[in-house]
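Coordinate analysis (summary)
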Amino acid sequence: MEAATTLLDAEAVGDLVLLDPLTEESLLRTLQERFRRSDIYTYIGDVVISVNPYRPLPIYTPEKVQEYNNCNFFAVKPHIYAIADDAYRSLRDQDRDQCILITGESGAGKTEASKLVMSYVAAVCSKGEEVDKVKEQLLQSNPVLEAFGNAKTIRNDNSSRFGKYMDVEFDFKGEPLGGVISNYLLEKSRIVRHTKGERNFHIFYQLLAGGSAQLLQQLKLRQGSQHYGYLNREKSSLPGMDDAANFRAMQDAMAVIGFSPAEVTALLEVTAVVLKLGNVELSSCYQASGMEACSIAEPRELHEICELIKLDPGTLEQALCSRTVKARDETVLTALSVSQGYYCRDALAKNIYSRLFDWLVNRINTSIQVKPGKQRKVMGVLDIYGFEIFQDNGFEQFIINYCNEKLQQIFILMTLKEEQEEYVREGIKWTPVEFFDNGIICDLIENSKCGILAMLDEECLRPGVVNEDTFVTKLNQRFATHKHYESKETQNAKHVTDLSLPQHCFRIHHYAGKVTYNVTGFIEKNNDLLFRDLSQAMWAARHTLLRSLFPEGDPQKVSLKLPPTAGFQFKNSVATLMKNLYSKNPNYIRCIKPNDTKTAMLFTPELVLAQIRYLGLMENVRVRRAGYAFRQLYNPFLQRYKMLGSKTWPRWSGSDREGTEVLLSELKFPPEELAYGYTKIFIRSPRTLFDLEKRRQERINELATLIQKMFRGWRCRTQYQLMRKSQIIISAWFRGHAQKNKYKQMKRSVLLLQAYARGWKVRRMYRRYFRSDASTRLANFIYRRLVQKFLVGLQKNLPPMSVQDRTWPPAPYKFLAGANQELKNIFYHWKCKKYRDQLTPQRKALLQAKLCASELFKDKKTLYSKSLQQPFQGEYLGLTQNPKYQKLHAVAKDKLVMAESVMKVNRANGKTVPRLLLLTTEHLVLADPKAAQPKTVLSLSDIHSVSVTRFSDGLLALHLKETSTAGNKGDLLLVSSHLIELITRLHQTLMAATSQALALHITDQFSTRFQKGDVAITVVESAKGSNDDIPICKKRGSHKMEVLVH
Ligand SMILES: Nc1ncnc2c1ncn2[C@@H]1O[C@H](COP(=O)(O)OP(=O)(O)OP(=O)(O)O)[C@@H](O)[C@H]1O
Ligand SMILES: [Mg+2]
């Protein structure tokens, strides 16, 4: 809305069409007020007026680019980006080739504007590696061309001294593909001469300031512009312009564009040659014939040039100082005077440089050109030198101003004349607006029969003495009555005395003002001839680039035909340009220079007013106001907006015009806003169009939503139908499956019922044949069968006979579990019995003894576990075999139970002595082993009790009854190596004899009765005894004895 308010701000309207009242003064005031507010851009409809601020403004930021991207031209604040965006969008979306025509005086900001347009388009079009490369190449062509083609003039520090038209080519998506640059008429005279306060082309200063010492040495140049005749001798650097940095930027730009290092070197070498040519000094001498001739004054510079371009110095010297003239079949070498020599030198320098510039443009074009075959859309940007009025205007100004005249003509034709003619053509009611048509001036210059340029060509080609005097005379005759032509002579004829118009001059009343041209040099510059000797010398050089610039120097291709004149060439290229521009949709940027001093934000009303006048801005506004801001053929209009009308959407079957009328009447725009032509619809104010566009945008959103809605609906419906179909299939299958199951179950039930019923029927039939206890019997039968099967199975599957094996098969039926357990027990007992039955009496007795030992000692005495492995042998002495023991054998007779060696503990001191021990069914005998005589014979009934320790020793105390005879000596302490067996047998023998159990004490402390009184025996367990298994008895006083066992 900010933009809309600025457009309507009465003090400083953004669109001059809205100016009220419309006067030159109000227009100027508005521009001034806007300029004061730093609003440098103003519209006249869709034409942008730009006033140079001469200072950087913060309105070209990326944010601004975003703001104007896809903007509505009339909805945002006036800006150059808005026109760039409008042009780019109609190129991309409506397939219309565009051209952006930037016009204005020198220093008005045309080049800056063109760069802004290019950078805007580069910023908004899509990104990608390839696209970015193209964009970069297109943008980087600027620093290169500016270095070689721009120079400081009095009016502009960076004045373009050539015309530039750049076609940027896009693909159908709006992505840049490449481009073509056309250049027009480089001001080559600047090479050799420039006004005080101006400079030669930037490249020379950049090279000298920014070239490294090595590069300068390679180019045979010296640092500092004061060394070079073609450069200004005064201060050469410019405030705010860093030549060295610009040189680096230019080199970088060349690399981006794709120049090879060899090409850059060649380019700089040729540039250096131009610079050095200016230092070639000539001196005069006289020939033998007395004719003046010239020669090289100081050959060093010439030699260096020749070294650079690999040419024989003699060839160049001869080409510079003499001229070959062909007369019939003879070739004559004529010496040149010093002035002619200098002329030659300068002509060569100018030609080399201008051809080098053409080569540079072509080289850039090779890099940025688009591959043929691709369909493309084009946006042309024209930045051509501005209209120039100097004190002394020459051929260049004439050509430049002619070009500007043509551009003005385009503007007039497209915006004013064309517009008015269109209203008439379309049958729209219209009051014509007066405007100045500069066609007459263009015709004055370019008319192919009697235009100034044609007459100049005629003069140049005319045999005989040719000079500018005859040319002016002819002009005076031809245009004596022309309104836009003036000269001393025509003035005289009209009795006007104007001292500002000297003799050798003519004046043209251009659209932008009167310009007086001095004809001196017109013919020479128009001819633009370079002596063949020079081009041949250049061709002879072995420097590839330089040589390629002078193809006509090839002696093989000598042509006597004169080359086309500069004016003729320029006229043709302007005609081509105009044709090109006419084929495109024009967008205008009209640049205005606010002051002559390049001062920031200074507005000189007189200067601006002059520009307002010659740019025809007033007429432009008037026609805009009187006319219609927008027109379009009915068909595209209807196609674009038909969605806004209920009757025209989606299809209109009538004519396009009727459709448009129906549509607009439905939209209820005021009738004065619209006019219906024969083929086009006209809309008066931009606001109506803006409104139309806004409504279209909203409607498009609605339609997009509708399409989205329909699509989503369709998608959901299809999805739903698919799901429904699937669901039906699934449920059909499922139902089928359920019914099948149900049927199977019913069938089973029916069969069961049937079976029951049949059974019942049969039973009823056969009931009488059945006995009442049939079922019990059946059950018993089955039961028996099962038991039988179980038992037979068991028989076949009996476990092994080993008494240690207690396995038994499990019961196959629960009801057999009890019986099975019982059978298991019986089987086991039976197995054990079988085992017992097969035992021998000895073995049986042994096992009984073992059983008895276990009852006596298990878990009571440690020695027991050791005895388990030892079989009870009973007889350990071999009484029968050994004759020594005959007596003892006799004593035992048949009653021997056990015989072994024991140790008897001395009751007095605890020491042990060996003894033989015999246990019979009645006695216990101790005998001396040596004599084998019984020493002590105890009746078993004398034994009162026996004490043993808990440990694994063999000590036993035989407590004797006091009453017995043997008991007089006291109790016996013995150590047996078969203690367990001994006591077990003793016990068994006692049981057998007396039916009384042996009184056995297993204890650590017991009392013995010795002859000398009772002795308390304490058993002590020691870690390790001295003798194996033999306990050590130690007497401790008279009543105590300690037994160490282990
Ligand atoms: N939009 C702008 N913002 C800031 N400064 C600008 C702007 N446009 C132009 N200038 C200043 O004005 C100077 C001259 O502009 P520019 O070179 O574009 O003029 P021109 O119209 O191309 O002149 P010529 O016809 O001599 O080439 C620039 O160097 C720059 O300093
Ligand atoms: Mg310029």
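Residues numbered from 1 in each chain as written. Chains lettered and ligands numbered in written order. Predicted model: local features only at pLDDT ≥ 70, side-chain atom pairs only at ≥ 80, totals over all residues. Heavy atoms only, no water.

Using the following cut-off: UniProt positions are given in the numbering used here, feature names are shortened, and annotations may be inferred rather than shown by experiment.
An unreviewed UniProt entry annotates the protein chain as Unconventional myosin-Ia of Aythya fuligula. Here is the UniProt Sequence similarities (unreviewed entry) comment for the protein chain, exactly as written: "Belongs to the TRAFAC class myosin-kinesin ATPase superfamily. Myosin family."

**A closer look at the overall build of the protein chain**
Inclusion rule: Each helix is a run of DSSP H or I of at least 4 residues and each strand a run of E of at least 2, with the numbering of both proceeding from the N terminus. Each radius of gyration is computed over the set of C-alpha atoms, and the globule rule expresses the reference value as 2.2 Å times the number of residues to the power 0.38. What makes two residues a contact is simply this: any of their non-hydrogen atoms within 4.5 Å. Per-residue accessibility takes into account occlusion by the displayed protein chains alone, with areas from the Shrake-Rupley method and a 1.4 Å probe. Charge assignment in this entry is limited to Lys and Arg as positive and Asp and Glu as negative, and neither His nor the chain termini are counted. Charged groups are reduced to one reference atom each: NZ for lysine, CZ for arginine, CG for aspartic acid, CD for glutamic acid.
Scanning the protein chain for helices and strands turns up 34 helices and 31 strands. In terms of C-alpha radius of gyration, the protein chain reaches 68 Å, well past the compact-globule figure of 31 Å for 1046 residues. Across its three principal directions, the C-alpha atoms of the protein chain cover 200 × 105 × 65 Å. Within the protein chain, contacts between residues separated by at least 24 positions form 64% of all contacts whose residues are at least 6 apart in sequence. With an accessible surface of roughly 53500 Å², the protein chain has 54% of that area assigned to carbon and sulfur atoms. One finds the centroid of the 146 positive side-chain charges in the protein chain at a distance of 22 Å from the centroid of its 111 negative side-chain charges.

**Topic: the coordination of the magnesium ion (ligand 2)**
Rules: Coordination shells were defined by N, O and S atoms within 2.8 Å of each metal, extended to 3.2 Å for Na, K and Ca; water is absent from the atom set, which can make sites look incomplete. A simple rule labels every residue: compare its accessible area, found with a 1.4 Å probe on the protein chains alone, to the largest value its type can have, and call it buried under 20%, exposed over 50%, or partly exposed in between.
On the protein side, the magnesium ion (ligand 2) has Thr 111 (OG1) and Ser 160 (OG) as donor atoms, found 1.9 to 2.1 Å from it. Here Thr 111, found in helix H5 (residues 110-124), pairs with Ser 160, found in strand E5 (residues 159-160); they are 49 residues apart in sequence, far enough to count as distant. Accessibility classification places Thr 111 together with Ser 160 in one group, the buried group.

**Topic: the site of ligand 1**
Going by this rule: Any residue with a non-hydrogen atom lying within 4 Å of a molecule or strand is treated as near it. Pairs of N or O atoms within 3.5 Å make up the polar contacts considered here, provided that, within protein, one atom can donate a hydrogen while the other can accept it, and that residues adjacent in sequence are counted only when both atoms are side-chain atoms. Under the grouping applied here, Gly and all other residues not named as nonpolar or charged are polar, the nonpolar ones being Ala, Val, Leu, Ile, Met, Phe, Trp, Tyr, Cys and Pro and the charged ones Asp, Glu, Lys and Arg.
Close to ligand 1 lie 18 residues, the nearest being Ser 106, Lys 110, Thr 111, Ser 159 and Ser 160. A distance of 3.1 Å separates a nitrogen atom of ligand 1 from a polar side-chain atom of Tyr 60. A distance of 2.9 Å is found between an oxygen atom of ligand 1 and a side-chain nitrogen or oxygen belonging to Asn 156. Relative to its unbound accessible area of 630 Å², ligand 1 is 87% covered by the protein chains. Of all the secondary structure elements, the ones that give two or more residues to the shell around ligand 1 are H5 and E5. Of all the elements, H5 adds the most residues to the shell around ligand 1, at 3 residues. For the shell around ligand 1, the residue count by class is 4 nonpolar, 10 polar and 4 charged.

**Structural notes on the sheet that holds strand E19 (residues 680-683)**
The following threshold applies: Should DSSP find at least two bridges between two strands, the strands are taken to pair. All axes here are fitted lines through C-alpha atoms, helices being fitted over the stretch that makes contact, and every angle between N-to-C directions spans 0 to 180 degrees.
With antiparallel pairing, 3 strands are arranged side by side in an open sheet as E17-E19-E18. Of all the strands in the sheet, just strand E17 (630-633) and strand E18 (674-676) have a single pairing partner and so form its edges. Geometrically, the sheet is characterised by an average inter-axis angle of 15 degrees between neighbouring strands, direction not taken into account. Taken together, the 4 bridges between E17 and E19 define a ladder with antiparallel strand orientation. Each residue of the ladder has a partner; that of Gln 632, found in E19, is Ile 681. The sheet contacts of helix H26 (residues 634-641) involve E17, E18 and E19, and relative to E17 the element is tilted by about 100 degrees.

**Some details on the nonpolar core**
To keep it simple, the criterion reads: Take the buried Ala, Val, Leu, Ile, Met, Phe, Trp, Tyr and Cys residues and link them wherever side-chain atoms come within 4.5 Å; each set so joined is a nonpolar core. Note that the domain bounds reflect an automated or database-derived domain assignment.
The biggest cluster of nonpolar side chains holds 186 residues, and the ones touching the most others in it are Phe 148, Ile 352, Leu 360 and Phe 506. The dominant element in this core, judged by the number of residues it contributes, is helix H14 (residues 338-368), at 14 residues. Both domains that meet at this core, namely domain 1 (274-355 + 527-560) and domain 2 (401-526), each give it at least three residues. When residues no more than four places from it in sequence are discounted, the contact partners of Phe 506 are Phe 398, Ile 452, Leu 475, Tyr 485, Glu 486, Ser 487, Leu 501, Val 515, Thr 516, Tyr 517, Val 519 and Phe 522. With 33 residues, the next largest nonpolar core counts Cys 852, Met 898, Leu 917 and Leu 979 among its residues.

**Description of helix H27 (residues 656-667)**
The criterion, for reference: A helix is expected to span 1.5 Å multiplied by its residue count minus one. To be clear, the arc concerns the directions from the helix axis to the C-beta atoms.
Look at H27: 16 Å from first C-alpha to last across 12 residues, which is about the 16 Å you get at 1.5 Å a residue. Within the span of H27, buried status applies to Gly 659, Thr 660, Leu 663, Leu 664 and Leu 667. All buried residues of H27 lie within an arc of 120 degrees about the axis, which places them on one face of the element. At the C-terminal side of H27, Lys 668 shows a positive phi close to 60 degrees.

**A few points about the domain arrangement of the protein chain**
Here the protein chain is partitioned into domain 1 (274-355 + 527-560), domain 2 (401-526), domain 3 (630-727) and domain 4 (841-1044). Each of domain 2 and domain 4 has a C-alpha centre, and these two points are 165 Å apart.

**What to know about the environment of Asp 1014**
Turning to its location among the elements, Asp 1014 is positioned in strand E29 (residues 1013-1021). For the pair Asp 1014 and His 1039, spaced 25 residues apart in sequence, the C-alpha separation works out to 6.2 Å. Among all residues touching Asp 1014, those that are not within four sequence positions of it are Ser 1007, Thr 1008, Arg 1009 and His 1039.

**Observations concerning the packing of helix H12 (residues 299-309) against helix H13 (residues 313-321)**
Cut-off, in case you're wondering: Just so you know how the angles are binned, under 35 degrees is roughly parallel, over 145 roughly antiparallel, 65 to 115 roughly perpendicular, and the rest oblique. Left-handed is the label given to a crossing in which the near helix is rotated counterclockwise from the far helix by less than a right angle, and right-handed is the label when the rotation is clockwise.
Relative orientation of the contacting elements H12 and H13 amounts to 120 degrees, with a least axis distance of 9 Å. Taken together, the axes of H12 and H13 lie oblique to each other. The two elements H12 and H13 meet at a crossing, and its hand is right-handed. In contact with Leu 302, His 303, Ile 305 and Cys 306 of H12, H13 contributes Pro 313, Leu 316, Glu 317 and Leu 320. Split by residue class, the contact of H12 with H13 holds 6 nonpolar, 1 polar and 1 charged.

**Examining the UniProt feature "binding site: ATP" (unreviewed entry) in the protein chain**
As recorded in UniProt, the sites labelled "binding site: ATP" (unreviewed entry) are Gly 104, Glu 105, Ser 106, Gly 107, Ala 108, Gly 109, Lys 110 and Thr 111. Turning to its location among the elements, Ala 108 is positioned in the loop between strand E3 (98-104) and H5. Not counting residues up to four positions away in its chain, the partners in contact with Ala 108 are Asn 52, Cys 591, Ile 592 and Lys 593. Once residues within four sequence positions are removed from consideration, Lys 110 is found in contact with Ile 102, Thr 103, Gly 104, Glu 105, Asp 383, Ile 384, Tyr 385, Gly 386 and Cys 591. Separated by 3.0 Å, the side chain of Lys 110 and the backbone oxygen of Gly 104 make a polar contact.

**Quick notes on the packing of aromatic side chains**
To be explicit about the condition: Note on ring pairs: Phe, Tyr and Trp rings are taken, using the six-membered ring of Trp, and paired if centres are within 6.5 Å. Classes follow the plane angle, with under 30 degrees stacked, over 60 edge-to-face and the rest tilted. Only Lys NZ and Arg CZ are tested; either one counts as a charge over a ring when it is within 6 Å of the ring centre and within 35 degrees of the ring normal.
A full pass over the atoms with the stated rule returns 27 aromatic pairs. Measuring from centroid to centroid gives 5.0 Å for Phe 201 and Tyr 353, while their planes differ by 20 degrees, and the two rings are stacked. Here Tyr 353 lies in helix H14 and Phe 201 lies in the loop between helix H7 (189-192) and helix H8 (202-210), a separation of 152 residues in the sequence. The two residues Phe 201 and Tyr 353 agree in class, both being buried. Here Phe 479 and Tyr 485 contribute two aromatic rings whose centre-to-centre distance is 5.5 Å and whose plane-to-plane angle is 50 degrees, an arrangement assigned as tilted. Tyr 485 matches Phe 479 in its accessibility class, with the two residues each being buried. Feature note: the residues Phe 395, Phe 398, Phe 471, Phe 479, Tyr 485, Phe 506, Tyr 517 and Phe 522 constitute an aromatic cluster, connected by ring pairs. Its end group placed over the ring of Phe 259, Arg 363 keeps NZ or CZ at 4.9 Å from the ring centre. Its end group placed over the ring of Tyr 828, Arg 806 keeps NZ or CZ at 3.9 Å from the ring centre.

**Things to note about the environment of Thr 473**
In this structure, Thr 473 sits in helix H18 (residues 468-478). On a C-alpha basis, the gap between Thr 473 and Ser 487 in space is 9.7 Å, while along the polypeptide they are 14 residues apart.

**Quick notes on the packing of H8 against helix H10 (residues 243-257)**
The N-to-C vectors of H8 and H10 enclose an angle of 100 degrees; their axes lie 7 Å apart at closest approach. Comparing the axis directions of H8 and H10 gives the class roughly perpendicular. Of H10, the residues touching H8 (which contributes Ile 203, Tyr 205, Gln 206, Leu 207, Ala 209 and Gly 210) are Asp 243, Ala 244, Asn 246, Phe 247 and Met 250. A breakdown of the residues in the contact of H8 with H10 according to their chemical character gives 7 nonpolar, 3 polar and 1 charged.

**Quick notes on the state of the cysteines**
What counts, and what does not: Throughout, disulfides are identified as pairs of cysteine sulfur atoms within 2.5 Å of each other.
Tallying each qualifying case throughout the model produces 0 disulfides. Looking at Cys 450, it has no disulfide partner, and the nearest cysteine sulfur is the one in Cys 442, 14 Å off.

**Notes on the sheet that holds strand E20 (residues 896-905)**
Strands belonging to one sheet form pairs held by backbone hydrogen bonds; the direction of such a pair is parallel or antiparallel. Spatial strand order, E23-E22-E21-E20-E26-E25-E24-E27: 8 strands in an open sheet with mixed pairing. Here the strands that pair on one side only, and so sit at the sheet edges, are strand E23 (933-939) and strand E27 (1000-1002). Taken over all neighbouring pairs, the strand axes of this sheet differ in orientation by 30 degrees on average, direction set aside. Inspection of the sheet shows strand E25 (residues 955-960) paired to strand E26 (residues 972-976) by 4 bridges, in the antiparallel sense. If you follow Leu 958 over to E26, its bridge partner there is Leu 972.

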